[in-house]
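Coordinate inspection notes
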Amino acid sequence: MSTPRIDINLSKIAHNAKVLSSVFRSKGIDIIAVTKGVCADPHIANILVKSGVKILADSRISNIKKMRIAGVKANFLLIRTPMISQTESIVLDTDMSLNSELSVIKKLSEFAILHGKIHKIILMVELGDLREGILPSQLENTIKKVLALKGIKLEGIGTNLACFSGVKPTTEKMDTLSAIAINIEKKFNIKLSIISGGNSANYNWFNTTKDVGRINNLRLGESIFLGYEPLTGKPIPKLYQDAFMLVAEVIELKNKGSVPNGEIGLDAFGNKPKFKDQGMINRAILAMGVQDVMVTGLTPKLDIEILGAGGDHIIINAKKEKLKVGSDVSFTLKYGALATAMNSSYIFKNIIRPISAAAYCAIVEEKDRLHKKKTAMMTVEEDNSPLISLQDSDFNLIFEKSMQKNYRYLVRKEVYKKIGRISKLLNDQGKKLIIRSVWRSFEHQQKLREERAKFIKKKNPEKTVEEINEIVSNFIAPRMQSTHATGGAVDALIYDLRGECVLDFGTNDGLHIDLNEKCYPKHPDISKKAKKNRKLLMKLFEDEDFVCDHKEYWHFDYGNIAWAVEKNKEYAHFGILETPDIQSTVFQHPDKTLFYL
């Protein structure tokens, strides 16, 4: 896929918008979604409207026009004080605007009369941030003149804090705005529909106040798109922080010094850079720079360090990450980085649309079909690594009881080490890894198939043997095709020590898993909790270079043909081990027994 690009997950944006709408509505506050940070992308605008947002706000009339032309069905608010040269367009193309200059409002009135329209305005009040706004002492005089204008409707008042000077929207500031609104309504005998208290920075005030007063509206962009509170940068509970992901490609990777060699002057942007001596480092260059994005607003997903950037390059210390030329490096973004990336013509906008369960399953099944075709052609260069019993380890594991008598829970040596590291990570979280099944003999695999076939036959007596075999094979491979026979496959779940239960993965009741399409790892129709638990399980194994099965969220492969195909390897390391003779050759290792074949 094209790089640099920004991956835009519409489902996560919709989720954030719905959660925030519900949270603020609990105290009588409606939200307006601000689209300027995403360059009024119509896909995003439409998903906001579908999520229940009725008013979209932008600072540029061109963005509002773009959304209208794209057919976005919403009311539109211009949130930057209008340019007097654009007043006719504002009357024609917007429903409402924030205002602080009487001369501009008079011009809006003229064009509203000319075109037979009523233009709604919200008067902005200066409460200390020193950006736009009428001083409270001058507000009554302005309102008196506004109310005398034809074609203009005073919809409400508002304020803006935290954007320019960082002044916090405290209880005192919000109480002041409420008091101003009450005074205006009494003084002029009017009812203000909107008292807009500010933006995403109002979250902490809202969360701590018991009484929001007359504040009934907030204008949100940053919190919807990035899921955090701007004043502290802390994530907002239940929101996604990765609805947008910036991806850049490695174009050079070399071991170089960390300090330049030569006399240092000003760089390309007039700054004199400073460098920390870290010796020789794994230095990579990404094909993206300050012409594309505000680099200081990027947070890498990998354990790497951004060393600096030029117009077209970002220089990173790749540390111990296994990057190569052509690798993708992903970043989450702060608001400034989001705004610059979305406005950059050099960055491809990759829209990730919500997918239906049927469409997702069809994609998985096609992937699985192609995967099986490729595995049939994959070669194996057996490395003859031993099988080790996990039961002989000191890892803190739970073993699911097997139908096979005297089952030994055998895995290859490298897999054994990886399970140990995964187990330790879970221990630190108050959890235990459950080992359901690992190496299985042909006999064991056949027993599983037979038991499953009996179960299906009992539930569906009308089905033929062929139909039952097809259903069984959807989750349990034929005896000679199972990757469990390689010693590189692991079936696992997670036990929560605090809750004293197996985590909910969406299709399980404790250790019992109901085999159906919802077992497909990223099935959309499972609970948020189940998605989170699957993500945890999959990340633990994928960080250890395993691959997750296309149809089973609990099944992971390493070193075998399934792994080799998914990782685009030339060959697999682990072939099928039909009948390991665990008595024939034994090699002793401290506290472990390794069984060679």
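Predicted model, so just to flag it, every value in this text is computed and none were measured.

1. Overview of the overall build of the protein chain
The number of helices and strands found in the protein chain is 16 helices and 28 strands. The dimensions of the protein chain, computed from C-alpha atoms along their principal axes, are 100 × 75 × 40 Å. Counting every position in the protein chain, which comprises 597 residues, the buried fraction comes to 49%. Sequence separation of 24 or more characterises 67% of the internal contacts of the protein chain that already satisfy a separation of 6 or more. Carbon together with sulfur atoms contributes 51% to the accessible area of the protein chain, which is approximately 29600 Å² in total. Treating the 88 positive side-chain charges of the protein chain as one cloud and the 70 negative ones as another, the clouds have centres 5 Å apart.

2. Re the pairing of strand β4 (residues 75-78)
Within a regular strand, the side chains alternate between the two sheet faces. With 4 bridges connecting them, strand β3 (residues 55-58) and β4 associate as parallel partners. Bridging from a neighbouring strand, Leu56 pairs with Phe76 of β4. Of the crossover connections in this fold, the one passing from β3 over helix α3 (residues 61-69) to the parallel β4 is right-handed. Where β4 lies against strand β5 (residues 96-99), 2 bridges are found, and the strand directions are parallel. Bridged to Leu77 within β5 is Met96. Following the backbone out of β4, through helix α4 (residues 87-93) and into the adjacent parallel β5, one traces a crossover that is right-handed.

3. Here we look at the environment of Phe206
When you line up the elements, Phe206 lands in helix α8 (residues 203-208). C-alpha of Phe206 to C-alpha of Val23: the two residues are 183 residues apart in sequence and 9.5 Å apart in space. Here Phe206 is in contact with Val23, Phe24, Ser26, Lys27, Ile29 and Val212, once residues within four sequence places are set aside.

4. A few points about the nonpolar core
Ile13 and Phe244 are the most contacted members of the largest nonpolar core, which has 96 residues in total. Ranked by residue count, the leading element in this core is helix α1 (residues 10-25), at 7 residues. Within the second largest apolar cluster, 41 residues are counted, among which are Ile388, Tyr409, Ile419 and Tyr553.

5. Considering the confidence of the model for the protein chain
Mean pLDDT over the protein chain: 91, with 94% of residues reaching 70 or higher. Note on residues 581-597: pLDDT under 50 across the span, and 39 contacts to partners over four residues away in sequence or across chains.

6. Re a nonpolar patch on the surface
A surface patch of nonpolar side chains, amounting to about 230 Å² of accessible area, comprises Val259, Ile264 and Phe275. The class for Ile264 is partly exposed, based on a relative accessible area of 33%.

7. Structural notes on the side chain of His523
Looking at the element boundaries, His523 is found in the loop between β24 (512-513) and α15 (528-542). Relative accessible area serves as the criterion here: at 4%, His523 is assigned to the buried category. If near-sequence neighbours (up to four positions away) are discounted, His523 is found in contact with Ala357, Tyr360, Cys361, Glu517, Lys518, Lys531 and Arg534.

8. Regarding empty space enclosed by the protein
Under the counting rule described, the total for this entry stands at 2 cavities of 30 Å³ or more. Size it by volume and the largest cavity reaches roughly 50 Å³. Along its surface, the largest cavity is lined by His371, Val547, Cys548, Asp549, His550, Asp557, Ala562 and Glu566. Secondary-structure elements contributing two or more residues to the lining of the largest cavity are β25 (547-548) and α16 (561-566). Taken together, the residues that form the lining of the largest cavity break down as 3 nonpolar, 2 polar and 3 charged. The computed volume of the second largest cavity comes to approximately 30 Å³. Ser59, Leu78, Arg80, Thr81, Pro82, Met83 and Gln86 together form the lining of the second largest cavity. In terms of residue class, the lining of the second largest cavity is built from 3 nonpolar, 3 polar and 1 charged.

9. A closer look at the UniProt feature "domain: Alanine racemase N-terminal" (unreviewed entry) in the protein chain
Feature annotation in UniProt assigns "domain: Alanine racemase N-terminal" (unreviewed entry) to the following positions: residues 8-226. Summarising residues 8-226: 43% helix, 18% strand, and an end-to-end C-alpha distance of 11 Å.

10. Thoughts on the packing of aromatic side chains
According to the stated counting rule, one finds 13 aromatic pairs in the structure shown. Both rings, one in Phe541 and one in Phe546, keep their centres 5.1 Å apart while their planes meet at 75°; by these two values the pair is edge-to-face. Residue classification places Phe546 among the buried residues on the basis of a relative accessible area of 2%. Taken together, Phe541, Phe546, Phe556, Tyr558, Trp563 and Phe574 form an aromatic cluster joined through their ring pairs. A cation over a ring is seen here: Lys334 above Tyr228, with NZ or CZ 4.6 Å from the ring centre. The ring centre of Tyr558 lies 4.5 Å from the NZ or CZ of Lys418, which sits over that ring.

11. Details of the pattern of salt bridges
Inspection of the entire model under this criterion finds 25 salt bridges. As a salt-bridge pair, Glu140 and Lys187 come within 3.8 Å of each other at their nearest N and O atoms. On the criterion of sequence distance, the pair formed by Glu140 in helix α6 (residues 136-147) and Lys187 in helix α7 (residues 171-188) is long-range, its members being 47 residues apart. Here Glu140 falls in the partly exposed class, since its relative accessible area comes to 29%.

12. Quick notes on α7
Here α7 spans 26 Å end to end across 18 residues, near enough to the 26 Å set by a 1.5 Å rise per residue. Among all positions of α7, only Met174, Leu177, Ser178, Ile180, Ala181, Ile184, Glu185 and Phe188 are buried. The buried residues of α7 occupy one face: seen down the axis, they fall within an arc of 155°. More than 90 degrees from the buried face of α7, the exposed residues found are Glu172, Lys186 and Lys187. Elements in contact with the buried residues of α7: α6, β7 (152-158), β8 (194-196) and α8. After α7 finishes, the residue Asn189 shows a positive phi value of roughly 55°.

13. Remarks on a negative patch on the surface
The grouping of Glu462, Glu466, Glu467 and Glu470 at the surface amounts to a negative patch. The topology assignment puts Glu470 in helix α14 (residues 465-473). Glu470 gets classed as exposed once you look at its relative accessible area, which sits at 62%.

14. A few points about the side chain of Asn160
Of note, Asn160 is situated in the loop between β7 and α7. By relative accessible area, Asn160 is classed as buried at 7%. At 3.3 Å, the side chain of Asn160 forms a polar contact with the side chain of Asn199. Setting aside residues no more than four positions away along its own chain, Asn160 makes contact with Met124, Asp129, Arg131, Glu132, Asn199 and Arg219.

Cut-offs applied
- Residues numbered from 1 in each chain as written.
- Predicted model: local features only at pLDDT ≥ 70, side-chain atom pairs only at ≥ 80, totals over all residues.
- Heavy atoms only, no water.
- Helix = DSSP H or I, 4+ residues; strand = E, 2+ residues; numbered from the N terminus.
- Buried < 20%, exposed > 50% of the residue type's maximum accessible area, 1.4 Å probe, protein only.
- Contact = heavy atoms within 4.5 Å.
- Areas by Shrake-Rupley, 256 points an atom, 1.4 Å probe, with all protein chains shown as cover.
- Lys, Arg positive; Asp, Glu negative; His and termini not counted.
- Charge placed at Lys NZ, Arg CZ, Asp CG, Glu CD.
- Pairing = 2+ DSSP bridges.
- Right-handed = clockwise from strand over helix to strand, strands pointing away.
- Core = buried A, V, L, I, M, F, W, Y, C linked by side-chain atoms within 4.5 Å.
- pLDDT = per-residue confidence, 0-100.
- Patch = residues over 30% accessible without salt bridge, like charges linked within 9 Å, V, L, I, M, F, W, Y side chains within 5 Å.
- Salt bridge = Lys/Arg side-chain N within 4 Å of Asp/Glu carboxyl O.
- 1 Å grid on protein atoms, 1.4 Å probe; cavity = no way out; pocket = protein on both sides within 12 Å on 5 of 7 lines; lining within 4 Å.
- Points joined across faces, edges and corners; volume = space filled by probe spheres on them.
- Nonpolar A, V, L, I, M, F, W, Y, C, P; charged D, E, K, R; others polar.
- UniProt positions renumbered as here; feature names shortened; annotations may be inferred.
- Phe/Tyr/Trp six-rings, centres within 6.5 Å; stacked < 30°, edge-to-face > 60°.
- Lys NZ or Arg CZ within 6 Å of the ring centre and 35° of its normal.
- Expected span 1.5 Å × (residues − 1).
- Arc of directions from axis to C-beta.
- Polar contact = N/O pair within 3.5 Å; in protein donor to acceptor, adjacent residues only side chain to side chain.

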